[in-house]
Amino acid sequence: MKQLYKFCATALMIGACGIVSAADGATVGKGDFVTAKKTHFARKGQAYYIVGANFWYGGYLGAPKGVGERARLLKELDSMRAIGINNLRVLAVSEKTDMKSAVSPATTAKPGEYDENLLVGLDFLMAEAAKRDMTVVLYLNNFWQWSGGMTQYLNWFEGTPALDPNVTKDYDDYMKKNARFYVNAAAQKEYRNVIQKIVKRVNTITGKPYSEDPILMSWQLANEPRPGNGNATPEEKKAYIKWIDETAAYIHSLDKNHMVSSGSEGLAGSAQDAQLFLDSHRTKHIDYLTYHLWPKNWGWFDSKDPTGSWDGAITKSRNYLTSHIDLAKKLDKPIVLEEFGLDRDGASFSIKATTKIRDRFYREVFDFVYDGAKKGDPIAGFNFWAWGGAGRAANADYWWKPGNDFVGDPPQEEQGLYSVFDSDTSSLKLIKEYADKLNTIKR
Ligand code: IFL
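Presented here is a report on the structure given in the accompanying data block. (Residues numbered from 1 in each chain as written. Predicted model: local features only at pLDDT ≥ 70, side-chain atom pairs only at ≥ 80, totals over all residues. Heavy atoms only, no water.)

## Re the sheet that holds strand β8 (residues 87-91)
- Pairing in this open sheet of eight strands is parallel, and the strands run β13-β12-β11-β8-β7-β16-β15-β14 from one edge to the other. Two strands in the sheet have a free side with no partner beyond their single neighbour: β13 (259-261) and β14 (289-293). Across the sheet, the mean angle separating the axes of adjacent strands is 25° when strand polarity is ignored.
- Pairing geometry for β14 and strand β15 (residues 335-340), over five bridges, is parallel. Opposite Thr290, over in β15, you have Val336 as the bridge partner. (Pairing = 2+ DSSP bridges. Helix = DSSP H or I, 4+ residues; strand = E, 2+ residues; numbered from the N terminus. Axes fitted to C-alpha atoms, helices over the stretch in contact; angles between N-to-C directions.)

Below is the structure:
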């Protein structure tokens, strides 16, 4: 079984060719895939707005053995669906590394050696997301160290030490060195091997090739790829533009059904260079734009002085959001705000701390997205960062160790920093409120 074949038999009656899965007999038509129609998303003939969560560890929970926790995964998906979440942004692959603040195990143990248990976990996640009609964005690399990522590729192929910036405390140096990933031919070859392996994979549970699965919304090049650090050189910028264009083209050459996105933070991930953001995203191989908003990480918000820093943080956030809508208009593509977050009150990591400031921030962001979408701006929705659900920090210092629960905060940060837990009732209510509102927008 597990064979897919195209059919047009009833095309005259239904007006379109489709694809039939011999696995489950379900008919899949072009319209089942999320597509970008000018500046908006469409699915099944209707406008499609993303009410999404970041859920990087979804595939890990789906694994049949080891770190897998399938019962928890099902519960998480049900909880998210119940508050209107219709999209998940998930880490597809990780690279085994010695870096202290990275997750283990990893899907790639070493070049060419992949962990089938974790890949079956991803299959399971996709199958369960499909049952709940939640679409998925899969990212295929990471600029940051918490899943190995580009640094680990360089360790493999350049022989340079994979220096954990949480240890060296030198993020500028880390970012500068990471930019070599884009021009290292051997690293790119293995990265493409991995891309091909995942894109061409046949889901062991549904029998559907990933490339034919409408539950997948988009392939994403990486989490938060940057051209280097804030002082990226013209050569680094050129290499970055080329890498985005050529990698996205490569994915499209393997898969004609799905959109491809970069995973960029927007200006913050483009050395604050609007021209670079435009030049790296104007390629026809990038179907929509992404941007991220991190007021605390970027020094706009001081959680020790929330009242004093709030107005400035919100003004800067609004300007950041608005400037990206202008960029999306220039490129005539939809844009997804696929990461944003703020910490708990009092900068606490404790699940017992309230989330008043975060809720206030979420409401600001949601209003921006909803109001803009309603008036027809090129807005396709949001993914908040991140779903922590039923996961709980195990350690007094809140740092993850192998064997502990996964939560929304990856191992490079304290567990509880930005996670939305299943006990954060006010945040959950707020997400539901705006999911309902976005669902009323028709185009
Ligand atoms: O955890 C971080 C993640 O690596 C990311 N962006 C910001 C998150 C919170 O700091 O992609």
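The rest of the description comes next.
## Quick notes on the sheet that holds strand β6 (residues 46-47)
- Taken together, three strands build an open sheet; the order of strands is β4-β5-β6 and the sheet is antiparallel. The sheet terminates laterally at β4 (35-37) and β6, the two strands that pair on one side only.
- Across two bridges, strand β5 (residues 40-43) lies against β6 in antiparallel orientation. Counterpart to Ala42 in the pairing with β6 is Ala47.

## Examining the pairing of strand β16 (residues 379-384)
- Across the six residues that make up β16, a large majority, six, are buried.
- Both strand β7 (residues 50-54) and β16 contribute to a ladder of four bridges, which runs parallel. Paired with Gly52 across the bridge in β16 is Asn383.
- Each parallel crossover has a hand, and the one from β15 via helix α12 (residues 356-374) to β16 is right-handed. (Buried < 20%, exposed > 50% of the residue type's maximum accessible area, 1.4 Å probe, protein only. Right-handed = clockwise from strand over helix to strand, strands pointing away.)

## Considering the site of the ligand
- Contacts to the ligand come from Trp144, Trp146, Asn223, Glu224, Trp294, Asn297, Glu339, Trp385, Pro410, Gln412, Glu413 and Tyr418.
- Contacts to the ligand include Asn297, whose side-chain N or O atom sits 2.9 Å from an oxygen atom.
- Within the side chain of Gln412, an N or O atom sits 3.4 Å from an oxygen atom of the ligand.
- Computed on the free molecule, the ligand has an accessible area of 290 Å², of which 97% lies beneath the protein chains in the complex.
- Here the ligand is seated within the largest pocket.
- Classifying every residue of the shell around the ligand gives six nonpolar, three polar and three charged. (Near = heavy atom within 4 Å. Polar contact = N/O pair within 3.5 Å; in protein donor to acceptor, adjacent residues only side chain to side chain. Areas by Shrake-Rupley, 256 points an atom, 1.4 Å probe, with all protein chains shown as cover. 1 Å grid on protein atoms, 1.4 Å probe; cavity = no way out; pocket = protein on both sides within 12 Å on 5 of 7 lines; lining within 4 Å. Sits in = over half its atoms within 2 Å of the grid points. Nonpolar A, V, L, I, M, F, W, Y, C, P; charged D, E, K, R; others polar.)

## A few points about the pattern of salt bridges
- For the structure shown, the criterion picks out 28 salt bridges.
- Glu76 is the salt-bridge partner of Arg72, the closest N and O atoms lying 2.7 Å from each other. Highlighted residues: Arg72 and Glu76, both in helix α3 (residues 70-82), separated by four residues, approximately one helical turn.
- The residue Asp424 makes a salt bridge to Arg344 at a minimum N-O spacing of 2.8 Å. Linking Asp424 in the loop between β18 (420-421) and α13 (425-439) with Arg344 in the loop between β15 and α12, this pair joins segments that are 80 residues apart in sequence.
- Residues joined by salt bridges that share partners form a network here, namely Asp78, Glu128, Lys131 and Arg132. (Salt bridge = Lys/Arg side-chain N within 4 Å of Asp/Glu carboxyl O.)

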